[in-house]
Amino acid sequence: GGTFLAIKVSVKQRRAAVLHALETLRQLLPPEVYGKDPRSCLPAPVPRCNIKDWPRYPWRGLMLDVARHFFDVGQVKNLLSIMSMHKLNVLHLH
């Protein structure tokens, strides 16, 4: 058999919606895709499914307290990657 992937995006913020759709697809893959070499588990089977996913709230965020603690650029970039993985869309710096 062949491979078929269809992502239908029907919202105003298309770029964010496509990124969230790809993250949902990534969540269906084995946990090894989150390791140092995500290609090590590929090809990986993806279960056949129909997903309808939308945010319950428009503000899905995380607060980072930079007033009391120092974070270097690498730590903040890592945090942004984790936020993306969990589909968070607001970083609040305190």
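Refer to the preceding data block for the structure.
Cut-offs used in this document
- Residues numbered from 1 in each chain as written.
- Predicted model: local features only at pLDDT ≥ 70, side-chain atom pairs only at ≥ 80, totals over all residues.
- Heavy atoms only, no water.
- Pairing = 2+ DSSP bridges.
- Helix = DSSP H or I, 4+ residues; strand = E, 2+ residues; numbered from the N terminus.
- Right-handed = clockwise from strand over helix to strand, strands pointing away.
- Polar contact = N/O pair within 3.5 Å; in protein donor to acceptor, adjacent residues only side chain to side chain.
- Contact = heavy atoms within 4.5 Å.
- Buried < 20%, exposed > 50% of the residue type's maximum accessible area, 1.4 Å probe, protein only.
- Salt bridge = Lys/Arg side-chain N within 4 Å of Asp/Glu carboxyl O.
- Expected span 1.5 Å × (residues − 1).
- Arc of directions from axis to C-beta.

1. Concerning the pairing of strand β1 (residues 61-64)
Then, in step 1: Pairing analysis gives 4 bridges linking β1 to strand β2 (residues 90-93), with the strands arranged parallel. Bridging from a neighbouring strand, Leu62 pairs with Leu91 of β2.
Then, in step 2: Taken together, β1, helix α2 (residues 73-85) and β2 constitute a β-α-β crossover, and its handedness is right-handed.

2. Here's the deal with the side chain of Lys87
Then, in step 1: Along the polypeptide, Lys87 turns up in the loop between α2 and β2.
Then, in step 2: At 2.4 Å, the side chain of Lys87 forms a polar contact with the side chain of Thr24.
Then, in step 3: If sequence neighbours within four positions are ignored, Lys87 has contacts with His20, Glu23, Thr24, Gln27, Asp53 and Arg60.

3. Quick notes on the side chain of Thr24
Then, in step 1: Relative to the helices and strands, Thr24 resides in helix α1 (residues 14-27).
Then, in step 2: Not counting residues up to four positions away in its chain, the partners in contact with Thr24 are Ile51, Asp53 and Lys87.

4. With respect to the environment of Pro58
Then, in step 1: Mapped onto the elements, Pro58 comes out in the loop between α1 and β1.
Then, in step 2: The exposure class assigned to Pro58 is exposed, which follows from its relative accessible area of 70%.
Then, in step 3: Through-space distance from the C-alpha of Pro58 to that of Val90 is 9.5 Å; in sequence the pair is 32 residues apart.

5. Some words on the pattern of salt bridges
Then, in step 1: According to the stated counting rule, one finds 2 salt bridges in the structure shown.
Then, in step 2: Of the charged contacts, one joins Glu23 and Arg26 as a salt bridge, the two residues approaching to 3.7 Å between their closest N and O atoms. Remark: Arg26 and Glu23 occur in helix α1; sequence separation between them is 3 residues, near one turn of the helix.
Then, in step 3: Under the relative-accessibility criterion, Arg26 is labelled partly exposed at 31%.
Then, in step 4: The closest approach of N and O atoms between Arg68 and Asp65, which form a salt bridge, is 2.7 Å.
Then, in step 5: Assessed through its relative accessible area of 62%, Arg68 is described here as exposed.

6. With respect to α1
Then, in step 1: Taking 1.5 Å per residue as the helical rise, α1 with its 14 residues ought to reach 20 Å, and the 20 Å between its terminal C-alpha atoms agrees with that figure.
Then, in step 2: All of the buried residues along α1 are Ala17, Glu23 and Thr24. What you see down the axis of α1 is that its buried residues fit within an arc of 120°, all on one side. Exposed side of α1, more than 90 degrees from the buried face: Arg14 and Arg15 are the residues found there.

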